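Chains, contacts and geometry: an overview
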Amino acid sequence: MADKLTAVLVGCGGISRQWLRTVTQLEDFRLVSMVDLDETAARRRAEEFELADVEISSDLEATLERMQPDIVFDCTVPTAHYPVTLTALEHGCHVMGEKPLADSLDHAREMIAAAEAAGKLFAVMQNRRYDPNIRRLKAFLDSGVLGRLTTVNCDFYIGAHFGGFRDHMAHVLLVDMAIHTFDAARFLMGADATAVYCHEWNAPGSWYDQDASAVAIFEMTDELVYTYRGSWCAEGLNTTWESDWHIIGEQGSVTWDGAEGFKAQVVDKAGGFFSEWANVEVPEVDGPTKHGGHAGAIREFVDCVRSGCAPETICHDNVKSLAMVFGAVESAESGQRVEIIV
Ligand SMILES: NC(=O)c1ccc[n+]([C@@H]2O[C@H](COP(=O)([O-])OP(=O)(O)OC[C@H]3O[C@@H](n4cnc5c(N)ncnc54)[C@H](O)[C@@H]3O)[C@@H](O)[C@H]2O)c1
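Below or above, wherever it landed, is the structure these notes cover. (Residues numbered from 1 in each chain as written. Predicted model: local features only at pLDDT ≥ 70, side-chain atom pairs only at ≥ 80, totals over all residues. Heavy atoms only, no water.)

Quick notes on the sheet that holds strand S11 (residues 244-249)
What counts here: Criterion used throughout: strands pair if DSSP finds at least two bridges between them. Numbered from the N terminus, helices here are DSSP runs of H or I no shorter than four residues, and strands are runs of E no shorter than two. Two residues qualify as a contact provided that any one of their heavy atoms is within 4.5 Å of a heavy atom in the partner residue. In this analysis, axes come from line fits to C-alpha atoms, helices being fitted only over the stretch in contact, and the angle between any two N-to-C directions falls in the range 0 to 180 degrees.
Read across the sheet, nine strands follow the order S14-S13-S12-S11-S7-S10-S9-S8-S15 without closing on themselves; strand pairing throughout is mixed. Each edge of the open sheet is held by one strand with a lone partner, namely strand S14 (276-280) and strand S15 (338-339). Lying over the sheet, helix H6 (residues 132-142) contacts strand S7 (149-157), S11, strand S12 (252-256), strand S13 (262-269) and S14, oriented at roughly 175 degrees with respect to S12. Across the sheet, helix H9 (residues 315-334) is in contact with strand S8 (193-201), strand S9 (213-220), strand S10 (225-231) and S15; its angle to S8 comes to roughly 50 degrees.

In structure tokens, the structure reads:
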């Protein structure tokens with residue numbers, strides 16, 4: 001592989017800005033082409049970032065044949081992740097794509113098999129893992145202060161008036177947003193989902209065409225239970241985009257507001273009707289920690305392409321978060337508890 005890595009970015013809509021802010025700043029790295037079905041979208045974005053040398057195209061296949069880049073960054077809509085990823089892998093490229101990994105579990109499995117067959121990395125953007133606050137909570141949980149974890153609850157209430165494709169999308173909250181929260185839950189617990197029961201609905205007054213509210217109960221490995229309550233049409237008293245968390249262990253509990261608000265208590269003296277509890281700090285991580293959202297995830301991926309290591313959000317792991325989404329969707333549609341099989 002040449003010292004200078006080359007990349008093609010495909011899908012030049014809203015989120016591509018986040019990617020380009022980092023991709024254009026990487027050292028020993030060259031973005032050679034930007035592709036979008038709508039060529040004017042690609043041209044507009046290239047002009048915005050003053051990328052005069054970048055080739056603009058609406059034909060991914062022809063671009064990959066001509067440019068033979070090392071990497072494809074996939075910022076297309078969810079339904080296009082499958083064809084774009086397969087095309088990129090067939091052309092010998094490593095792929096990092098936007099969440100969700102795929103629009104179905106069957107497609108996800110095919111994409112993972114294709115990455116294995118090609119011997120290339122395929123990772124997914126889960127930018128919310130690259131946040132010092134979630135890292136701080138994870139370090140606190142891993143320290144064992146709360147004892148063995150038993151229960152994790154989180155609330156996501158955001159009244160987002162997007163306009164555009166989300167207003168009409170099926171299972172919009174579960175498929176487009178809850179993937180972030182479910183992935184964060186797996187990360188914090190160090191556990192995977194084994195079954196789910198989910199109820200989904202479109203609340204009166206919702207400005208979405210389809211269900212934008214959901215409640216889900218997940219059975220997790222290690223006998224953990226994780227509950228999710230979410231709405232994308234909640235006016236007032238919104239939570240952070242990272243959700244509001246309440247986590248219980250055998251020896252204490254912690255709450256996290258998704259930003260810098262932490263509260264924790266542990267058992268100081270047991271034996272009474274109520275134990276005596278002591279407030280404890282959730283310490284900041286001592287030393288460097290993953291951060292930077294999109295920038296952190298992209299930099300890690302590019303480092304892994306160079307070193308041959310696996311990035312944290314590699315498809316083999318990320319598919320376990322995607323399986324929570326599609327398990328919840330299946331449960332909501334069937335009204336039944338659904339076993340989660342990756
Ligand atoms: N990680 C995050 O926080 C975050 C935030 C927003 C969006 N996203 C994800 O990013 C992706 C894109 O979202 P967006 O808001 O930018 O959407 P968007 O509709 O603004 O842009 C998508 C672009 O992809 C292009 N496109 C679609 N199919 C294509 C194909 N087959 N080949 C080439 N171009 C194609 C469209 O023409 C459009 O310009 C989605 O998967 C979304 O879930 C992630």
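Structure's up, so let's keep going.
Some words on helix H3 (residues 60-67)
We apply this condition: Throughout this description, buried means an accessible area under 20% of the type-specific maximum (1.4 Å probe, protein chains only), exposed means over 50%, and partly exposed covers the range between. What the arc covers is the set of directions going from the helix axis to the C-beta atoms. Counted as a polar contact is a pair of N or O atoms within 3.5 Å, where, for protein atoms, one must be capable of donating a hydrogen and the other of accepting one, and residues adjacent in sequence contribute only when both atoms are in side chains.
Where H3 is concerned, the buried positions are Leu60, Thr63 and Leu64. Along the long axis of H3, the arc covered by the buried residues comes to 95 degrees, so they all point the same way. At its buried positions, H3 is contacted by strand S1 (5-10), strand S2 (29-35), strand S3 (55-57), strand S4 (71-74) and helix H4 (81-90). For H3, the capping residue at the N-terminal end is Asp59, with a side-chain oxygen 3.2 Å from the backbone nitrogen of Glu61.

Considering the pairing of S2
Under the convention used in this document: Handedness rule for crossovers: strands pointing away from the viewer, path from the first strand over the helix to the second running clockwise, crossover right-handed.
Of all seven residues in S2, six are buried; the element is thus mostly enclosed. Pairing geometry for S1 and S2, over six bridges, is parallel. Opposite Thr6, over in S2, you have Arg30 as the bridge partner. One crossover worth recording links S1 to the parallel S2 by way of helix H1 (residues 16-23), and it is right-handed. When S2 meets S3, the two strands line up parallel, connected through three bridges. Paired with Val35 across the strands is Ser57, a residue of S3. In terms of handedness, the path from S2 via helix H2 (residues 39-48) over to S3 forms a crossover that is right-handed.

Observations concerning the pattern of salt bridges
Pairs can form between side chains of opposite charge once their charged atoms are near each other. Selection rule: Salt bridges are identified by distance alone: a Lys or Arg side-chain nitrogen within 4 Å of an Asp or Glu carboxyl oxygen.
On inspection of all chains with the given rule, the structure shows 23 salt bridges. Two residues, Arg17 and Glu48, come together in a salt bridge whose shortest N-O distance is 2.6 Å. Here Glu48 lies in helix H2 and Arg17 lies in helix H1, a separation of 31 residues in the sequence. The exposure class of Arg17 is partly exposed, given its relative accessible area of 33%. Asp176 serves as the salt-bridge partner of Lys99, at 3.4 Å between the closest nitrogen and oxygen.

Looking at the sheet that holds S3
Strand order in the open sheet formed by six strands is S3-S2-S1-S4-S5-S6, with parallel pairing between adjacent strands. A strand with exactly one partner marks an edge of an open sheet, and here the two such strands are S3 and strand S6 (122-124). Shown here is a sheet whose adjacent strand axes are inclined to one another by a mean of 20 degrees, direction ignored.

A look at the environment of Trp277
Tracing the sequence through the fold places Trp277 in strand S14. Each C-alpha atom of the pair Trp277 and Val266 lies 5.4 Å from the other, and the pair is 11 residues apart in sequence. Excluding residues that lie within four positions of it along the chain, Trp277 makes contacts with Gln265, Val266, Val267 and Asp268.

Observations regarding the packing of aromatic side chains
Our working definition: Stacked, edge-to-face and tilted are the three classes for Phe, Tyr and Trp ring pairs, Trp counted by its six-membered ring, which pair at centre distances within 6.5 Å; planes under 30 degrees apart are stacked, over 60 edge-to-face, the rest tilted. Charge-over-ring placement is defined geometrically: NZ (Lys) or CZ (Arg) within 6 Å of the ring centre, and within 35 degrees of the ring normal.
Under the counting rule described, the total for this entry stands at 18 aromatic pairs. Considering the side-chain rings of Trp232 and Trp241, the 6.4 Å spacing of their centres and the 75 degrees angle between planes classify their relative orientation as edge-to-face. Residue class for Trp232 comes out buried when judged on its relative accessible area of 1%. Judged by its relative accessible area of 35%, Trp241 falls in the partly exposed class. Across from the ring centre of Tyr130, 5.9 Å away, lies the NZ or CZ of Arg135, which sits over that ring.

Some remarks on the layout of surface pockets
Let me state the cut-off plainly: Put plainly, a pocket is an open set of points on a 1 Å grid over the protein atoms alone with protein on both sides within 12 Å along at least five of seven lines, a cavity is a set where a 1.4 Å probe fits but cannot get out, and a lining residue has an atom within 4 Å of a point. Grid points are joined across faces, edges and corners, and a volume is the space filled by probe spheres set on the points. Lys, Arg, Asp and Glu make up the charged group, whereas Ala, Val, Leu, Ile, Met, Phe, Trp, Tyr, Cys and Pro make up the nonpolar group; the residues left over, Gly among them, are polar. All domain edges in this entry derive from an automatic or database-based domain assignment.
Its volume calculated, the largest pocket comes out at about 760 Å³. For the largest pocket, the lining is made up of 33 residues, of which Ile15, Cys75, Thr76, Val77 and Phe165 are closest to its centre. For the lining of the largest pocket, the elements supplying multiple residues, two or more each, are H4 and helix H7 (172-189). Of the residues forming the lining of the largest pocket, the biggest block, three residues, is contributed by H7. Tallied by class, residues from the lining of the largest pocket come to 17 nonpolar, nine polar and seven charged. Approximately 160 Å³ is the volume found for the second largest pocket. Taken together, Val77, Pro78, Thr79, Ala102, Asp103, Phe165, Met169, Ala170, Val175 and Phe326 form the lining of the second largest pocket. Counted by class, the lining of the second largest pocket contains eight nonpolar, one polar and one charged residues. Counting contributing residues per domain, the lining of the second largest pocket is built from domain 1 (5-124) and domain 2 (130-289 + 323-339), each supplying no fewer than three.

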